[in-house]
Amino acid sequence: MANYYIGDIQGCFDELTLLLDKVNFNPSKDTLWLVGDLIARGPKSLETLNFVKSLDNAAHCVLGNHELHFLAVHAGFHQVNPKDNLGTLLTNKHINQLVDWLREQPLCHINTKQHIIMTHAGIPPMWSLDTLITQTQAVSQQLTSSDYLKLIKSMYRNDINQWHDNLTQSEQAIYTINALTRMRYLHADLSLDFHEKSSPHDNSDIKLTPWFTHQPALAQDYTLIFGHWASLMGDVNNTHYKALDTGCCWGNYLTLWHQETNEHIIQKNLFNHIHSK
């Protein structure tokens, strides 16, 4: 029995299947943990979603920014990004079932026994475990409710970039989505920066610091699994963090972390094709 954590797939389904072959993945005894952004820039978003959904309890994923954007596009609130390859997915006859399945996926998975947390982009350093649980459960309740479109329509707000006591319930949900699915750098006041995507080695703005370099309010023995930040290429220089987005859809590779052996296994992009950024 093995637990495999995999970085942003982004529709690179062929690379995913080859990666799973390398570890002899067996859904009857093994479990996949996926950090979100299952869909978008790669060529096979529909195949990826159908496969993960078919695994049932053998796979667990969290929502990434691309899944949330897809929900907004499907609802008619936003246009399809021409850089995404979502045409086959959006026109599929089972799209409503896939949308409903995505709405049931959480923003985080927490294993309190093994002290592992998985989110798409990270966790605000000032958040305690109780805050993380409370806020992500509140978002999940809204996403699974009959009026979930209210949240989907209102979530595009860059001005809600800082956590404080005066946020309304709606603003707390939007901040939670922004932080857990879009976060990379923080300003000195711990507000979110939504613009800089380069790696810390290439970032020239000394006023910005990676979120994972701040002292976390979480217990120090927690390991946090995340994706989203492809330019990191897995380099966080901290054993308590596993950055698994290694830019397969940008021509690099897909990364799997085998929890029990602490091994990282990769599958290179098959065509070394860099999809449009």
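Before reading further, recall that the structure is shown in the block above.
Residues numbered from 1 in each chain as written. Predicted model: local features only at pLDDT ≥ 70, side-chain atom pairs only at ≥ 80, totals over all residues. Heavy atoms only, no water.

(A) Quick peek at the overall build of the protein chain. In terms of regular secondary structure, the protein chain is built from eight helices and 12 strands. Over its C-alpha atoms the protein chain spans a radius of gyration of 18 Å, differing by no more than 12% from the 19 Å that the globule rule assigns to 277 residues. Judged by the C-alpha coordinates and their principal axes, the protein chain covers about 45 × 40 × 40 Å. Per-residue burial over the protein chain gives 52% buried out of 277 residues. Excluding contacts between residues fewer than 6 apart, the proportion of contacts in the protein chain whose partners are at least 24 apart in sequence is 68%. Entry remark: accessible area of the protein chain is about 12800 Å², with carbon and sulfur atoms responsible for 47%. The averaged location of the 27 negative side-chain charges in the protein chain is 5 Å from the averaged location of its 19 positive side-chain charges. (Helix = DSSP H or I, 4+ residues; strand = E, 2+ residues; numbered from the N terminus. Rg over C-alpha atoms; globule rule 2.2 N^0.38 Å. Buried < 20%, exposed > 50% of the residue type's maximum accessible area, 1.4 Å probe, protein only. Contact = heavy atoms within 4.5 Å. Areas by Shrake-Rupley, 256 points an atom, 1.4 Å probe, with all protein chains shown as cover. Lys, Arg positive; Asp, Glu negative; His and termini not counted. Charge placed at Lys NZ, Arg CZ, Asp CG, Glu CD.)

(B) The arrangement of the layout of surface pockets in detail. Approximately 870 Å³ is the volume attributed to the largest pocket. Forming the walls of the largest pocket are 32 residues, and the residues nearest its centre are Asn65, His66, Arg184, Lys197 and His228. Of all the secondary-structure elements, those providing two or more residues to the lining of the largest pocket are α3 (65-74) and α8 (169-182). Per-class residue counts for the lining of the largest pocket are eight nonpolar, 13 polar and 11 charged. Its volume calculated, the second largest pocket comes out at about 230 Å³. For the second largest pocket, the lining is made up of 21 residues, of which Pro216, Gln220, Tyr222, His240 and Tyr241 are closest to its centre. In terms of residue class, the lining of the second largest pocket is made up of 14 nonpolar, seven polar and no charged. (1 Å grid on protein atoms, 1.4 Å probe; cavity = no way out; pocket = protein on both sides within 12 Å on 5 of 7 lines; lining within 4 Å. Points joined across faces, edges and corners; volume = space filled by probe spheres on them. Nonpolar A, V, L, I, M, F, W, Y, C, P; charged D, E, K, R; others polar.)

(C) Focus on the pairing of strand β4 (residues 108-111). Pairing between β4 and strand β5 (residues 116-119): four bridges, direction antiparallel. Bridge pairing in β5 places His109 opposite Met118. Between β4 and β5, which pair antiparallel and follow one another directly, the connecting turn spans four residues, one of which, His115, has a positive phi of 55 degrees. (Pairing = 2+ DSSP bridges.)

(D) Summary view of unusual backbone geometry. If you check the backbone angles, Asp37 has positive phi at about 55 degrees while not being a glycine. Along the chain, Asp37 falls in the loop between β2 (31-34) and α2 (45-54). Of the residues examined, Asp37 reaches a relative accessible area of 2% and is grouped as buried. With a phi close to 55 degrees, His115 is a non-glycine residue in the positive phi region.

(E) Region of the structure containing the sheet that holds β4. Sheet architecture is open: four strands sit in the order β4-β5-β9-β10, paired in mixed fashion. What marks the edges here is a single partner per strand, and that holds for β4 and β10 (241-243). Between one strand axis and the next, the sheet turns through 15 degrees on average, direction left out of account. The sheet contact formed by β5 and strand β9 (residues 223-226) spans three bridges and is parallel. If you follow Met118 over to β9, its bridge partner there is Ile225. (Axes fitted to C-alpha atoms, helices over the stretch in contact; angles between N-to-C directions.)

(F) Spatial organisation of the sheet that holds strand β7 (residues 192-193). As summarised here, the arrangement of the three strands in space is β7-β6-β8, forming an open sheet in which the pairing is antiparallel. With partners counted over all chains shown, the strands left at the sheet margins are β7 and β8 (209-210), one partner each. Looking at chain direction, strand β6 (residues 185-186) and β8 are connected through two bridges and run antiparallel. Within β8, the residue paired with Leu186 across the bridge is Thr209.

(G) Geometry of the packing of aromatic side chains. The final tally for this structure, using the stated rule, is 14 aromatic pairs. Note on Phe13 and Phe51: the rings are 5.7 Å apart at their centroids and 65 degrees apart in plane angle, and the pair reads as edge-to-face. Of this pair, Phe13 sits in helix α1 (residues 13-22) while Phe51 sits in helix α2, and the two are 38 residues apart along the sequence. With relative accessibility at 21%, the residue Phe51 sits in the partly exposed group. Centroid distance Phe212 to Tyr241: 6.2 Å. Interplanar angle 50 degrees. Geometry classified as tilted. Of this pair, Phe212 sits in the loop between β8 and β9 while Tyr241 sits in strand β10, and the two are 29 residues apart along the sequence. (Phe/Tyr/Trp six-rings, centres within 6.5 Å; stacked < 30°, edge-to-face > 60°.)

Function-wise, these values are silent; they only describe arrangement.
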